[in-house]
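As a plain string of letters, each chain reads:
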Amino acid sequence: MISADDALERLREGNRRFVSDEVSKDAVASREHRGGATTPQNPFAIILACSDSRVPTELIFDRGIGDLFVIRVAGNIVAPSQIGSIEYAAKQFGTRLVVVLGHSNCGAIIATLQELGLKDSHRAPNLRAIVDRVRPAVEPIMKDRPNVDDEAVIDSCVRANVQASVDKLQHGSLILENLVAADNLKIVGAEYSIETGIIEFFGDH
Ligand SMILES: [Zn+2]
């Protein structure tokens, strides 16, 4: 299995190709390998991304079948089933990179901000389960800048929510903690811009 740093470089390169509209022969070839389903999977990165239809994970990294182990859930939140999926992939396939991928204009973040502005919320209980997981990350930002419609506020909240998910993965699982400490597992945050297609990895600038 390739290292976390090499995996990160592959993702960066793939996103550069996506942004510049180049078509990768590798990704196209692997899309054609549908017949090879009996070969064991060997994903080089685990991605926890939002379900938003404008954030199709393989496409924006220009990767194909078998490359990425993807978990998608509105707001890229971390609940026990997400942790379990990531533990499984890291253990089973030896994948050494986990990316939490948020994105601009995230509906789950905006819904949470709206919720914070409402005294009586009528949100359905299962949707509340998502909003309640986003809330702790965005509440401190809202206290300073209560204008829900401000794009800069939404973006700060998107990034804070990604960071909160990274922290939960780093400290909410003994299995992942041990892999980070002893086996060079890396858990990093990133934000996808729906406007430009560019993915910025946290700590890049
Ligand atoms: Zn979203």
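Keep in mind that what you see is a predicted model, and the values were worked out from it rather than measured. (Residues numbered from 1 in each chain as written. Predicted model: local features only at pLDDT ≥ 70, side-chain atom pairs only at ≥ 80, totals over all residues. Heavy atoms only, no water.)

Undergrad: Just checking my understanding: could you explain the overall build of the protein chain for this structure?
TA: When helices and strands are counted, the protein chain shows 8 helices and 5 strands. The linear arrangement of helices and strands in the protein chain, starting from the amino end, is α-α-β-α-β-α-β-α-α-α-α-β-β. Within the span of the protein chain, comprising 205 residues, buried residues form 45% of the whole. When the accessible surface of the protein chain is totalled, it reaches about 10,500 Å², and 51% of it is carbon and sulfur. (Helix = DSSP H or I, 4+ residues; strand = E, 2+ residues; numbered from the N terminus. Buried < 20%, exposed > 50% of the residue type's maximum accessible area, 1.4 Å probe, protein only. Areas by Shrake-Rupley, 256 points an atom, 1.4 Å probe, with all protein chains shown as cover.)

Undergrad: Please clarify how the pairing of strand S1 (residues 45-49) should be interpreted in this entry.
TA: Looking down a regular strand, the side chains alternate between one sheet face and the other. By the criterion of burial, S1 is predominantly enclosed, with 5 of the 5 residues buried. Side chains Ala45, Ile47 and Ala49 of S1 all project onto a buried face; the interleaved residues Ile46 and Leu48 project onto the opposite face, where all are buried too. Summarising the sheet, S1 and strand S2 (residues 68-72) pair through 5 bridges and their orientation is parallel. Residue pairing in the sheet places Ala45 in a bridge with Leu68 of S2. Here S1 pairs with strand S3 (residues 97-103) via 4 bridges, running parallel. Each residue of the ladder has a partner; that of Ala49, found in S3, is Leu101. (Pairing = 2+ DSSP bridges.)

Undergrad: Sorry, what's going on with the sheet that holds S1 here?
TA: By definition, the strands of a sheet pair up through backbone hydrogen bonds, in either a parallel or an antiparallel sense. Spatially, S2-S1-S3-S4-S5 is the arrangement adopted by the 5 strands of the open sheet, whose pairing is mixed. Each of the sheet's edge strands pairs with one partner strand only, and the pair in question is S2 and strand S5 (199-201). Neighbour-to-neighbour, the strand axes of this sheet turn through a mean angle of 25°, independent of strand direction. The strands touched by helix H1 (residues 4-19) are S1, S2, S3, strand S4 (186-192) and S5; relative to S3, the strand with the most contacts, the crossing angle is about 35°. (Axes fitted to C-alpha atoms, helices over the stretch in contact; angles between N-to-C directions. Contact = heavy atoms within 4.5 Å.)

Undergrad: Even after reading the chapter, I still don't get the packing of helix H4 (residues 80-93) against helix H8 (residues 174-183), so can you show me in this structure?
TA: For any two helices packed against each other, one specifies the inter-axial angle together with the distance between the axes. Between H4 and H8, the least distance of the axes is 9 Å, while the angle of their chain directions is 40°. Taken together, the axes of H4 and H8 lie oblique to each other. Like other packed secondary-structure pairs, H4 and H8 cross with a definite hand, here left-handed. Where H4 approaches H8, its residues Ile86, Glu87, Ala90 and Lys91 are matched on the opposing element by Ile175, Leu176 and Leu179. Partitioned by chemical class, the residues of the contact of H4 with H8 number 5 nonpolar, no polar and 2 charged. (Parallel < 35°, antiparallel > 145°, perpendicular 65-115°, else oblique. Left-handed = near helix turned anticlockwise from the far one by under 90°. Nonpolar A, V, L, I, M, F, W, Y, C, P; charged D, E, K, R; others polar.)

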